[in-house]
Amino acid sequence: MRSTHIQRNPKVLVELRTCFRQSRETSPHFSTLPWSLNVLLIIDCQNFGPNSPTLGSRKVLTCCARWTDSLGRGEVVFPLLTSSKRFRQRRTAFIFHRSLQVEQVKLIDRFSTSNKSLTGTLYLTATHLLFIDSSQKETWILHHHIAAVEKLALTTSGCPLVIQCKNFRVVHFIIPRERDCHDIYNSLLQLSKPASYDELYAFSYNPKQNESKRLQGWQLIDLAEEYKRMGVPNSNWQLSDANRDYEICESYPRELYVPRTASKPVIVGSSKFRSKGRFPVLSYYHRDKEAAICRCSQPLSGFSARCLEDENMLHAISIANPAHHYMYVMDTRPKLNAMANRAAGKGYENEDNYANIRFQFVGIENIHVMRSSLQKLLEVSGTKALSVNSFLSGLENSGWLRHIKAVLDAAIFLAKAIAVENATVLVHCSDGWDRTSQVCSLGSLLLDSYYRTIKGFMVLIEKDWISFGHKFSDRCGQLDGDPKEISPVFTQFLEGVWHLTEQFPQAFEYNEAFLLQIHEHVHSCQFGNFLGNCQKEREELKLKEKTYSLWPFLLDEQKKYLNPLYNRDFSQKLVLLEPNTVSFSFKFWRNMYHQFDRTMHPRQSVFNLIMTMSEQNKQLEKDFKELEAKMKQRNRQPEELLTKEPLQSVHPVSPALRTSPCFKKEKPLLPMNDPIRTIEGSNTADNRYSEYMEELSKAEPAVVSLEYGVARMTC
Amino acid sequence: MEFAELIKTAKVENVQLSCSGLPPIKGTLCITSHHLLLSSQPGGNGEQGTVELWLLIRNVDAVEKRVANSLGTITLKCKDLKVLQLEIPGMEECLNIASSTEALSSVDSVMMMYPFFYRPQSMKLKDGWKLYPLQHYYQQIASETGAWRLSCANGDFTICSSYPPAVIVPATVNDNVLKKAARFRQGGRFPVLSYYHKKNGTVMLRSSQPLIGPNRKRCQEDEALLSAALDEGGHGFIIDTRSAQAAKQARMMGGGTEPTSSYPRWKRLHRQLERGRPLQESFIKLVEACNDTSLSMDRWLSKLESSKWLAHVKGALSTACLAAQCMEREDACVLVHGAEGTDTTLLVTALAQVILDPDCRTLAGFQGLLEREWIEAGHPFHFRYAHSAYSHARLKQEAPIFLLFLDCVWQLGRQFPFSLQFSESLLLVLFEHTYASCYGTFLCNSEKERCLCDVKEKTHSLWSWLNQPSEWKKHLNPLYTYNALVIWPSVEPQSLQLWQGLFLRWIRSSQYLDEAWAEIQRLVTSCEDAPEESAGCTLCHSQPDVAYPLTITGTANEG
C-alpha cells in the first residue's frame, strides 16, 4: 500500500497531473474542480491484502494527507472501506477540497420529534458526499442526486443543513461550525449543478472494464432488432431514411419506421406541420392484430390551418392496418390545454379534415402541474408526526395519484383500442416527448409480455424514452438549467409500472428493486444512457465512446431484480393486461418516496425470502449434480459397488427444491440486496409512538440504533 | 315463537341470483328457519341441480326490495360485506321473501340462533370449549413467579357480572379486598392480570374506570390492589384510553381516573381511542366509500380520510405499542382501562400481547388470546355485532372494535410477514363469525350469559372446527418462522394500508393476487416438505463420512 503524502507544492501537483493525464477518466475532475486548494490522494490497492486491519467485516485502509496552509490545517486521516467498488480498482484517486472533512456532524432522523441523531464525520469527495457515523455506517450521496440544499437558521447545537435528493433521500445534518456549514453549502451548490456535460460523473466513472466489453455493453440493446421482433419492416411498414442525418427532426432518432405508402414528400410535408418536426412514426407494431401505435407531436393547425401531406400521412397510417377502416388519434392533453394551444398556431386535429379518424382527449396534465404535484406530495410525506388524516388529505391535494391514474387510464384506452378493436392509434401531446412517451410505453407494456421481462423493459425504455427524445437532461435537471423544465414524467412511468406489478404479481420478470435502481440511475448521471435530451445530442457528446451503458451492469446483477413469482407462461397467456383502475387500486408508493426511510418499511420481506430460497434450490440442484457426477465416477471403481445401492435410491427424488440438512449452506447464498429490510423484530427507537419520554423527563437510552442511510454505493 | 310463522313463502322457482364478479344463476329459492338456499336448475339431461347459495340468514344485514312489473328484486346486503341480488318473479313472493328474511335475520334471542340447532356429524358437543382454560395460562405464570394467584371469588358472577369465574390477581391480595375494590370500579371490573411478560416479569393489568365521582372518593382496597401489583419500589403506567379531558368529565357521572395523589407509584398516560357510535360510523363510511367504484381519485381519498378508519388503526396500534413499550423498555407494569373496560381496553391489551409475546402469534396461541382477552374478558359480542355496516336499523350498541383489532393484527402481518403463524384467511373467518356464525363461540356478552344460555353445552365451539386438520391447514402462514423478538410495527400513515382483502373482498377481483399467494405457498411448502420426503436421502447421507469422504469434503470446499 502506498499513500502519497502531498506537500502543497507545485512540483508534486505537476507530477500528479501528469500521472492523471494517463488515466483519462479522472482528469476532467482535476481540471474543473472549483477550488484553488486541492489535495490529492493516490492509493495503490495492489498490495491491499488480507492482513489489512478490519472494521466489522470490512477492511480498512487509512490514508493520510498532510499539508500546511495559511489556515494551519494539517492533516486528514481518511478511512476507506473495502465495501466500495472503488477498491476493485487497482488504483484509485481521490481529490479533496481542504475542508473535505468535518467532524462531529449530526445526522438527524427527519421524522423524529425529539431530534434523535447520529454523530459522525462528513467527507466531501469529488463525486460524493459521505457521512460515516460512529458505528461506521456510511451514507453516500452522489452530488448529481442533490436536488436542493438548504441552510436553516443557526441553532445552539450548530448550523442545520438539509439536503434533498432526486432519489427522494432527505438528509438533515447539523454542522457544529457555521463556517464549515457555509463551505459545504457552497461546495454542494456548485457540485450539484454542473454547467456542462463533461462535468458529469459518467465521464469520469470507470468500472475498469476493458474497451471491448464497454462497446459490447452499448450494443446490448439494438432497436433495429426490436423492430424486427415486432415484425417490421413488412408489407405495410418500412424503414425511412428521411431523418438519416437528422435533417427533418433533430429530436427523433435516425431510424424511423413509417407506412410504405407514405412518400418522402408526404413525410417532409407532415413534419413541417408538426411541432418541432415530430411527424407521425411507428412506435409499436402489434403483429397479430396488424395494428400499430404511432406517435407524433401536435399539429400546427391553429384555428383553421390544414396540411394535405399530414392528412395523407394519417391516411397512410390508417390503411397500413389492412383490417381496419378507422384509426384513433389520442391527444393526451386536457381539452382546454389543447384548445389554448390553437391560439399559438398549434392545436389538434380537426376530425373533418382527416378521413376516418376518431379523435380523443385523455386529459393528462402538463409537466408543470406534475412538478408541483410531486412537490406537494413530498411536502406531505416529509411532515413530522404526520396524522393519517393529514396524510390522506395531503395525498388528495397533491393530486399525484390522480395523475398516475390518468396516465394508466390512457394507456389502457390505447391498449384496448388495439387488442379489442384492432385499431391503429396515433398518440400525441404537445411536443410528443413526455405524455406521449408515457402512454405509448405503458400501452405497449400492457400489450406485449416481452416488455415485462428485464431485457424487454430495457428495450422499451431505450425505444420510447431515449431514442424518441424524452428530454432526460432537462426533465431530471442534469445540468444547471431552467428549473421549470424539470418534471417527474419518467418517475410517473415507473410508478405506473409499479402499480401494474402490484396488480399482476406474476406477470413481470423484474421486481420493484429494478424500477428503483433505474430511477436511481436516471438521475445519477453515472452511465451514458440518460444523458442529453435526444440521440443527436448523445452522438455529439460521444457517449458511446466516453461512457458506459447502464444495461449490462443491471443484467450482471439481475439476480437482485428478478421477481421470484414471475410466471412466463402466465404472462404470455395474458394477451392484454387489464388492470383495475378504480380509485382504490392506487396506492402511495412508499418504497419509492420513502426508500431511504427504512423505519417505514415492512421489517420482513417476502420477496427476499423467496428469492433466497429459490437461489438455494438452484445451488442445491447444482451441488446435487456435482455429487451425482462424482458418485458415478466412483461407482466405476469396483470396490465401491457395495455402496451403490443406497445411493441410487436417491435418484427417484427430484433434486430440485431440497434442503436436506447435510446439503444446507450456512449462509443464504444470495446476499440479501438489503439486509435491513429483513431484520426480524425491530427497535422501538425506530418508531415514534414512543415519544412520551419527554413527559417522563428521562434521558434517551444510548442504545438507539437508527436504521438510517444505508450506504448504497453508486460508484 | 315459531320460525314457521315468519316464513310466508318457503319456496320460489325461477329466481335469479347475481353478485358482482360472477355470472347470474337461475334456480329455486328456499327459505328455512336459518338459511336461504338457492339450487340451480338441473340441466336438460336430468342431473340434479347444485346448491349455489347457502346463506345463513343471520348474516343478512339489510334487505332492500324493488318491485316492478311483477318482477321483484331483493338486494341482500350481508354482514360480511357481500352484496347479493335476487330477482324473484311474482310481487307477492318477493315481498314475502323480503319480510321473512328481515324478520328471521333480526331474531334477537340468543337461544333461537343457529348455533343451538347446528349439529354437524363430524363434531362432538363440548369439544373445544375447554381448550384454553385460564388455569393453563395461570400455570405458565406460576412456573415463573409466585406473585400471582388464581382467584375464584367471582365463581357465581356476583362480584363482577362480566368477568369469568376465575381471574388472576396479586397473591398478596385476598378475596375480600377484591370484593371491596370491585365496588369501586364500574361494573365491578377490578384490576386483574391480563398478561405476564416473562422476559422481565412485568405485567399488564386491565380494569374499568374507578368510581371517583365528583367528591373524589378513594378506595383503600383498590389502592392496595394496584400497589400489590408493583414490585417494591417499582412504578407503573396507567394507560387511560380516553383523553385527559374526557376522563375528568367522567367524574361528573360518577367515574373518573386514578389521581396521582392516591396512586403515587402510577403514572397516568392518556391516549384517546374512539369506540361506540363514532367507530361504527367510521366503519359504515369506509364500506360506503369502498362500494362506490365510480369515485374519482380525489373523492375516494377524501372519503377514505373522512371515514377516519385508518386513523383508528393507527391510534390502536400506537397505544398498544406504548403499553408494550412501557413493559419491554421501561420495565414497568401497565394498567389499561377506559370507561367500562370492555372495548378499547381489550383492544389495547390484546394487541400489546400480539406485539410482545411470540406465543400469541401462533395459531393456537392466538385462539387462546381471543378466548382470554375478548371472550372471557367480557367483550359484549352480542351487542357489538348485532348489525354490520349496511344495516338500516337504529344503532344501539354496535361498534366494530373486534374488527379494528383484526385489522391491526393484519397490519402487523403485513409488516412482519414471517412472524404470524396464521394467514389473512383466519382473520377473515373470525370477522365473518363475529357477525354470523353456526358456532357458539361469539354468542352472548359475557361468561355469565353463556352459562345462563348453556352455550357451552348446546352449541359447538368455533375452535374445534378451526382445529380440524383440514381447516387448520388452510389458515397456516407458509412463511411463518418462530420469531422470539418483539415486533414493533411502524405506525406512520405511509406504512398503514387499507385492508383490501376485507373491505374490497367482494368488490374487486383478487384472482391474480390469490394465484400469486398460491405460488408463494407452493414455493415455500415444496421446500419445507423436502426433508421429510427425502428422509431416505438424508439417512443415506448421515453416515457418508466413512463411505464418501471425498464427495463430502469436495463440496464443502467448493461451497
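Residues numbered from 1 in each chain as written. Chains lettered and ligands numbered in written order. Predicted model: local features only at pLDDT ≥ 70, side-chain atom pairs only at ≥ 80, totals over all residues. Heavy atoms only, no water.

With respect to the overall build of chain A
Tallying secondary structure elements over chain A gives 24 helices and 20 strands in all. Contacts in chain A between residues far apart in sequence, at least 24 positions, make up 72% of those at least 6 positions apart. When the accessible surface of chain A is totalled, it reaches about 28500 Å², and 51% of it is carbon and sulfur. (Helix = DSSP H or I, 4+ residues; strand = E, 2+ residues; numbered from the N terminus. Contact = heavy atoms within 4.5 Å. Areas by Shrake-Rupley, 256 points an atom, 1.4 Å probe, with all protein chains shown as cover.)

Structural notes on the overall build of chain B
When its secondary structure is counted, chain B shows 23 helices and 14 strands. For 559 residues, the compact-globule estimate of 2.2 N^0.38 gives 24 Å, and chain B sits close to it at 26 Å. For chain B, with 559 residues in total, the buried portion stands at 59%. Considering only residue pairs separated by 6 or more positions, chain B has 70% of its internal contacts joining residues 24 or more positions apart. (Rg over C-alpha atoms; globule rule 2.2 N^0.38 Å. Buried < 20%, exposed > 50% of the residue type's maximum accessible area, 1.4 Å probe, protein only.)

Topic: the packing of helix 4 (residues 175-183) of chain B against helix 5 (residues 220-229) of chain B
All names here are of chain B. The N-to-C vectors of helix 4 and helix 5 enclose an angle of 115°; their axes lie 7 Å apart at closest approach. For the element pair helix 4 and helix 5, the recorded crossing hand is left-handed. When helix 4 is examined against helix 5, the residues V177, L178, K180 and A181 are found in contact with a partner set consisting of E221, D222 and L225. When grouped by side-chain class, the residues that make up the contact of helix 4 with helix 5 number four nonpolar, no polar and three charged. (Axes fitted to C-alpha atoms, helices over the stretch in contact; angles between N-to-C directions. Left-handed = near helix turned anticlockwise from the far one by under 90°. Nonpolar A, V, L, I, M, F, W, Y, C, P; charged D, E, K, R; others polar.)

Some remarks on the pattern of salt bridges
Under the criterion given, the structure shown has 45 salt bridges over all chains. Taking the shortest distance from any N to any O, the salt bridge between K536 of chain A and E540 of chain A comes out at 3.7 Å. Of this pair, K536 of chain A and E540 of chain A both sit in helix 17 (residues 535-540), separated by four residues, roughly a single helical turn. What makes K536 of chain A partly exposed here is its relative accessible area of 22%. Between E519 of chain B and R522 of chain B there is a salt bridge, with its nearest N and O atoms 3.1 Å apart. Of this pair, E519 of chain B and R522 of chain B are both found in helix 20 (residues 511-533), three residues apart, which corresponds to roughly one turn of the helix. (Salt bridge = Lys/Arg side-chain N within 4 Å of Asp/Glu carboxyl O.)

Focus on the nonpolar core
If you look at the biggest cluster of nonpolar residues, it comprises 249 residues, and the most contacted ones within it are F457 of chain A together with F366, F405 and F503 of chain B. Among the elements that line this core, the one with the most residues is helix 11 (residues 400-419) of chain A, at 14 residues. Excluding its chain neighbours within four sequence positions, the residues that come into contact with F405 of chain B are L347, A350, L351, V354, F366, L369, L370 and W374 of chain B. Of all hydrophobic cores here, the second largest spans 26 residues; its members include L29, L38, A98 and M112 of chain B. (Core = buried A, V, L, I, M, F, W, Y, C linked by side-chain atoms within 4.5 Å.)

Description of the sheet that holds strand 4 (residues 51-56) of chain B
Sheets are built from strands that pair by backbone hydrogen bonding, the pairs being arranged parallel or antiparallel. All names here are of chain B. In space, the seven strands of this open sheet follow the order 4-3-2-1-7-6-5, with antiparallel pairing throughout. Edge positions in the open sheet fall to strand 4 and strand 5 (60-68), since each of these has one partner strand only. Taken over all neighbouring pairs, the strand axes of this sheet differ in orientation by 30° on average, direction set aside. Across seven bridges, the pairing between strand 6 (residues 71-78) and strand 7 (residues 83-89) is antiparallel. The partner of K77 across the bridge, within strand 7, is V83. The strands that helix 2 (residues 91-105) touches are strand 1 (11-18), strand 2 (25-31), strand 3 (35-40), strand 5, strand 6 and strand 7; relative to strand 5, the one it contacts most, it runs at about 165°. (Pairing = 2+ DSSP bridges.)

Concerning the pairing of strand 16 (residues 281-286) of chain A
Residues and elements named next belong to chain A. By the criterion of burial, strand 16 is predominantly enclosed, with six of the six residues buried. Bridge analysis of strand 16 against strand 17 (residues 291-296) gives five bridges, and the strand direction is antiparallel. Bridged to Y284 within strand 17 is I293. Where strand 16 hands over to strand 17, the hairpin turn is made up of four residues, of which E290 adopts a positive phi near 55°.

Remarks on the confidence of the model for chain B
Residue and element names in this part refer to chain B. On average, residues of chain B carry a pLDDT of 85, and 92% of them reach 70 or more. Contacts from residues 530-559, a stretch scored under 50 in pLDDT, to residues over four places away or in other chains number 36 contacts. Overall fold confidence for the complex sits at a pTM of 0.83, while the interface term, ipTM, reaches 0.88. (pLDDT = per-residue confidence, 0-100.)

Observations regarding the confidence of the model for chain A
Residues and elements named next belong to chain A. The predicted model of chain A has a mean per-residue pLDDT of 76, with 75% of residues at 70 or higher. In this model residues 1-99 is a low-confidence stretch, pLDDT under 50, and it forms 185 contacts with partners more than four residues away in sequence or in other chains. A low-confidence stretch, residues 640-686 stays under pLDDT 50, and its non-local contacts, those more than four residues away or across chains, total 112 contacts.

A short note on unusual backbone geometry
Residue and element names in this part refer to chain A. With omega at -5°, the peptide bond leading from V232 into P233 counts as cis. As for its position among the elements, P233 is in the loop between helix 5 (223-230) and strand 14 (237-240). The phi angle at Q104 is positive, at roughly 60°, despite the residue not being glycine. Examined against the element boundaries, Q104 turns out to sit in strand 7 (residues 101-108). Even without being glycine, Q136 reaches a positive phi, approximately 65°. Relative to the helices and strands, Q136 resides in the loop between strand 9 (128-133) and strand 10 (138-142).

As for the side chain of S441 of chain A
Residue and element names in this part refer to chain A. Tracing the backbone through its elements, the reader meets S441 in helix 12 (residues 435-447). A polar contact is formed between the side chain of S441 and the side chain of W465, at a distance of 3.1 Å. Apart from residues no more than four positions distant in its own chain, S441 is found in contact with L460, D464, W465 and F493. (Polar contact = N/O pair within 3.5 Å; in protein donor to acceptor, adjacent residues only side chain to side chain.)

Comments concerning the pairing of strand 5 of chain B
All names here are of chain B. Taken together, the eight bridges between strand 5 and strand 6 define a ladder with antiparallel strand orientation. Paired with V60 across the strands is C78, a residue of strand 6. Between strand 5 and strand 6, which follow one another and run antiparallel, lie two residues, and N69 among them has a positive phi close to 50°.

Re the sheet that holds strand 16 of chain A
Residue and element names in this part refer to chain A. Strand order in the open sheet formed by five strands is 16-17-20-18-19, and the pairing between neighbours is mixed. Here the strands that pair on one side only, and so sit at the sheet edges, are strand 16 and strand 19 (357-361). This sheet shows a mean twist of 20° between the axes of neighbouring strands, independent of strand direction. Sheet analysis places strand 17 next to strand 20 (residues 424-428), joined by four bridges and oriented parallel. Within strand 20, the position partnered with C294 by the bridge is L426. Across the sheet, helix 11 touches strand 16, strand 17, strand 18 (327-331), strand 19 and strand 20, and the angle it forms with strand 18 is around 170°.

Some remarks on the packing of aromatic side chains
Within the structure shown, the criterion is met by 58 aromatic pairs over all chains. Ring geometry for Y163 of chain B versus F190 of chain B: centroids 5.4 Å apart, planes at 90°, classification edge-to-face. Of this pair, Y163 of chain B sits in the loop between strand 8 (148-151) and strand 9 (167-170) while F190 of chain B sits in the loop between helix 4 and strand 10 (192-197), placing them 27 residues apart in sequence. Classification of Y163 of chain B by relative accessible area gives buried; the value is 1%. A connected cluster of aromatic rings, assembled from ring pairs, spans F457, W465, F472, F490, F493, F508, Y510, F514, F530, W551 and Y561 of chain A. For the cation-ring pair, R214 of chain A lies above Y548 of chain A, with the distance from its terminal atom to the ring centre recorded as 5.8 Å. Of note, R229 of chain A hangs over the ring of Y451 of chain A, and the distance from its end group to the ring centre comes to 5.4 Å. (Phe/Tyr/Trp six-rings, centres within 6.5 Å; stacked < 30°, edge-to-face > 60°. Lys NZ or Arg CZ within 6 Å of the ring centre and 35° of its normal.)

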